[in-house]
Amino acid sequence: MADEAVKRIIIDLIPESKPFFEVMPEYDGERQTVILDPGLVQKAFWEIIQTARNNINEGDKTVRGRVYTKHGALRANERDFDSKKIDDIIDNNKKHRIKEIDEEGRITWRYQDKRGNTVITDEWTKEIITVYSHPYSLNFGKYITKWR
């Protein structure tokens, strides 16, 4: 019963994990056991820890004083970008930033490190609009570490 609860929590946290949870029944005459993939359990545990640690909200600021928009805060939490990572991406990639015009006609800046971790800011680099990693297929859009 506990395995089923853990399974449901993990699938809720990591929807793409559902195919890995094919039930493998073992029947010993009295009960049926669900076998969980230890690697997936470890990944889910890490997701829970990261979500608790990265509790960024709209209006919060990075160490360097950049303010999170609502969308930026949600994506930073979801994609494992903390304030230090965001400040580092911006500060270390100023020479290579790309000016873009968003769908509402506003000027934005795209900062991207060599691994593909990306931060989009407003025109004055005061607001964090969104964060993501590219290509998505490499790490499901989440922060790509140096050890990948």
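Bear in mind that the values here come from a model prediction, so they are computed numbers and not experimental data.

Parameters at a glance
- Residues numbered from 1 in each chain as written.
- Predicted model: local features only at pLDDT ≥ 70, side-chain atom pairs only at ≥ 80, totals over all residues.
- Heavy atoms only, no water.
- Helix = DSSP H or I, 4+ residues; strand = E, 2+ residues; numbered from the N terminus.
- Buried < 20%, exposed > 50% of the residue type's maximum accessible area, 1.4 Å probe, protein only.
- pLDDT = per-residue confidence, 0-100.
- Contact = heavy atoms within 4.5 Å.
- Pairing = 2+ DSSP bridges.
- Axes fitted to C-alpha atoms, helices over the stretch in contact; angles between N-to-C directions.
- Phe/Tyr/Trp six-rings, centres within 6.5 Å; stacked < 30°, edge-to-face > 60°.
- Lys NZ or Arg CZ within 6 Å of the ring centre and 35° of its normal.

K.L.:
Help me out: how do you make sense of the side chain of S83 in this one?
P.N.:
As for its placement among the helices and strands, S83 is situated in helix α4 (residues 83-92). Its relative accessible area of 18% is what places S83 among the buried residues.

K.L.:
Would you take a moment to explain the confidence of the model for the protein for this structure?
P.N.:
Keep in mind that low pLDDT regions are not for reading the predicted coordinates in detail. The predicted model of the protein averages 81 in pLDDT, with 69% of residues at 70 or higher. Within the model, pLDDT remains below 50 along residues 23-27, and this stretch shows 10 contacts once partners closer than five positions in the same chain are excluded.

K.L.:
Any chance you could explain the sheet that holds strand β4 (residues 98-101) here in plain terms?
P.N.:
As a general point, the strands of a sheet are linked pairwise by backbone hydrogen bonds and lie either parallel or antiparallel. Across the sheet, which stays open at both edges, the five strands sit in the order β3-β7-β6-β5-β4 with mixed pairing between neighbours. Looking at the sheet topology across the chains shown, the edges are occupied by β3 (67-68) and β4. Summarising the sheet, strand β6 (residues 117-122) and strand β7 (residues 127-133) pair through five bridges and their orientation is antiparallel. If you follow V119 over to β7, its bridge partner there is V131. Lying on the sheet, helix α3 (residues 70-78) is in contact with β3 and β7; it crosses β7 at an angle near 30°. Packed on one face of the sheet, α4 meets β3, β5 (107-112), β6 and β7 and runs near 80° to β6.

K.L.:
What is the right way to read the pairing of β7 from this model?
P.N.:
Each regular strand carries side chains that alternate between the two faces of the sheet. Pairing of β3 with β7 involves two bridges; the strand directions are parallel. Looking across to β7, one finds that Y68 is bridged to I128. Hairpin remark: β6 followed by β7, antiparallel, with four residues in the connecting loop; positive phi at T125, about 55°.

K.L.:
What exactly am I supposed to notice about the packing of aromatic side chains here?
P.N.:
Each pair of aromatic rings is reported with the distance of its centres and the angle of its planes. Under the counting rule described, the total for this entry stands at one aromatic pair. With 5.3 Å between their ring centres and 90° between their planes, F81 and Y143 make a pair best called edge-to-face. Taken together, the residues F81 in the loop between α3 and α4 and Y143 in the segment after α5 (136-139) connect sequence positions 62 residues apart. Neither residue differs from the other here; F81 and Y143 are each classed as buried. In this structure, K85 packs its charged tip against the face of Y143, placed 4.4 Å from the ring centre. If you follow R97 out to its NZ or CZ, it ends over the ring of W109, 3.6 Å from the centre.

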